[in-house]
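These are the residues of each chain, in order.
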Amino acid sequence: MDSLTQIVLGAACGELVLGKKIGNKALLFGAIGGTIPDLDVFIGSFLYNNEIQAMAFHRGFMHSILFAVLGCFAFGWITYKLYNTKKRTGTTQLKDWILLFFWAIFTHPLLDCFTPYGTQLFAPFSNYRVAFNNISVVDPLYTLPFLFCMIVVLFLKRTNLKRLQWTKVGIYISSIYMVFTMFNKFYINRVFKKSFKKAGISFQRFSAQPTILNNILWYAVAETATEYHLTFYSHFDKSTTADKMITIAKNHEVIDMNDKNLQTLAWFSNDYFTIHKKEKISTFKYTDLRYPMVNPDDVNTSIFNFTVYLENGEWDILPFDGNTPSKEDFAKFTKRFWGI
């Protein structure tokens, strides 16, 4: 999920492990631990000159179970050595720091698994991305109550037993909401299956996810042999099905997708993508259809639009090279949210 949410969750882990011993410093180190996996964004840019490979590196090894196990020992040992100066000798133990960094790092990819982006939890042994698609990458109803509880903890003394109580309240509220989104996902899947059947669409597979910032308005893409069918459904809709469909051609044959980099790009999109030629030679518009459009009526407002181009015999992308959504696009999104 978003960085703020991961910081809050990491801080909660730090409080549970070391809050009684070092107070608010535990929140700080937990927050740092919860941020570490997302440093792969910068590391990927350093390791790869190709944007496709750098993008694929994100939520890879540094978001895996193995990294959490190895990383907690490395970061735990380093922090233990730096923290336990003469004034602090004996205040903490090495195992405390190992546990703090394990839970702060491990809960980061675990939380990411619930989002549509997908997380390579089993890397480097498998590049399978775990994605339950039940919560948006940014959802205030998950984050804000949790954040409020952790802010309260900041103003309580280390010895105050209410620190632990408030931390648990934050974890319980966010976890209950997460369970709600999972049940909501099961319900929404049935709605979309019913909707595609009603529209006479015999799909091979489909994917559904909530739109940004909420768990009310949902988006789905269904795949047939030659086309994709896109639709939205809001809990505020009067109908029990999603009745408006947008149908677009796959156009996968536009480029020879046997290229290594293009195969990585298709893997990133879980093969939900469409391609169109652009005016410039060897340049194409690539739309990742897993993610919803800002304007529910216009596929061109998809955020995950890339310009794919061939340079020096290698395929690469200009990330997020789509048109900037207009006020009208956001207005239509808002209306669709309310079922209008």
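Thresholds applied
Residues numbered from 1 in each chain as written. Predicted model: local features only at pLDDT ≥ 70, side-chain atom pairs only at ≥ 80, totals over all residues. Heavy atoms only, no water. Pairing = 2+ DSSP bridges. Helix = DSSP H or I, 4+ residues; strand = E, 2+ residues; numbered from the N terminus. Axes fitted to C-alpha atoms, helices over the stretch in contact; angles between N-to-C directions. Contact = heavy atoms within 4.5 Å. Salt bridge = Lys/Arg side-chain N within 4 Å of Asp/Glu carboxyl O. Buried < 20%, exposed > 50% of the residue type's maximum accessible area, 1.4 Å probe, protein only. Core = buried A, V, L, I, M, F, W, Y, C linked by side-chain atoms within 4.5 Å.

Asks: Would you mind going over the sheet that holds strand 4 (residues 246-249) with me for this structure?
Replies: Sheet strands associate in pairs through backbone hydrogen bonding, adopting either a parallel or an antiparallel arrangement. Within the open sheet, the four strands sit side by side as 1-2-3-4. Their pairing is antiparallel. A single partner strand is all that each edge strand has here, and the edge strands are strand 1 (205-210) and strand 4. Sheet twist, expressed as the average angle between the axes of neighbouring strands with direction ignored, equals 20°. Pairing between strand 2 (residues 217-223) and strand 3 (residues 227-234): seven bridges, direction antiparallel. Counted as the bridge partner of Tyr219 is Phe232 from strand 3. Helix-sheet contacts for helix 8 (residues 162-198) involve strand 1, strand 2 and strand 3, and the interaxial angle to strand 2 is about 50°.

Asks: Help me out: how do you make sense of the pattern of salt bridges in this one?
Replies: Oppositely charged side chains are able to pair whenever their charged atoms sit close together. Counting across every chain of the model gives nine salt bridges. A salt bridge links Lys198 to Asp243, with the shortest nitrogen-to-oxygen separation between them at 3.4 Å. Separated by 45 residues along the polypeptide, Lys198 in helix 8 and Asp243 in the loop between strand 3 and strand 4 bring together distant segments of the chain. For Lys198, a relative accessible area of 59% translates into the label exposed. Residue classification places Asp243 among the partly exposed positions, given a relative accessible area of 49%. Among the salt bridges present, the one from Lys250 reaches Glu223, with a minimum N-O distance of 2.6 Å. Residue Lys250 is found in the loop between strand 4 and helix 9 (260-268), and its partner Glu223 is found in strand 2; the two are separated by 27 residues along the sequence. Several salt bridges converge on common partners, so that one network encompasses Arg205, Glu223 and Lys250.

Asks: Looking at this structure, how should I read the nonpolar core?
Replies: The nonpolar side chains of a soluble globular protein tend to be buried with one another. Core analysis: the largest hydrophobic core is formed by 19 residues, its most contacted members being Ile255, Leu265, Phe306 and Val308. Looking at this core, the elements with two or more residues in it are helix 4 (51-57), helix 9, strand 5 (273-277), strand 6 (283-288), strand 7 (305-311) and strand 8 (314-318). Considering each element in turn, this core owes the most residues, four residues, to helix 9. Setting aside anything within four residues of it in sequence, one finds Val308 in contact with Ile255, Leu262, Leu265, Ser282, Thr283, Phe284, Tyr286, Trp315, Asp316 and Ile317.

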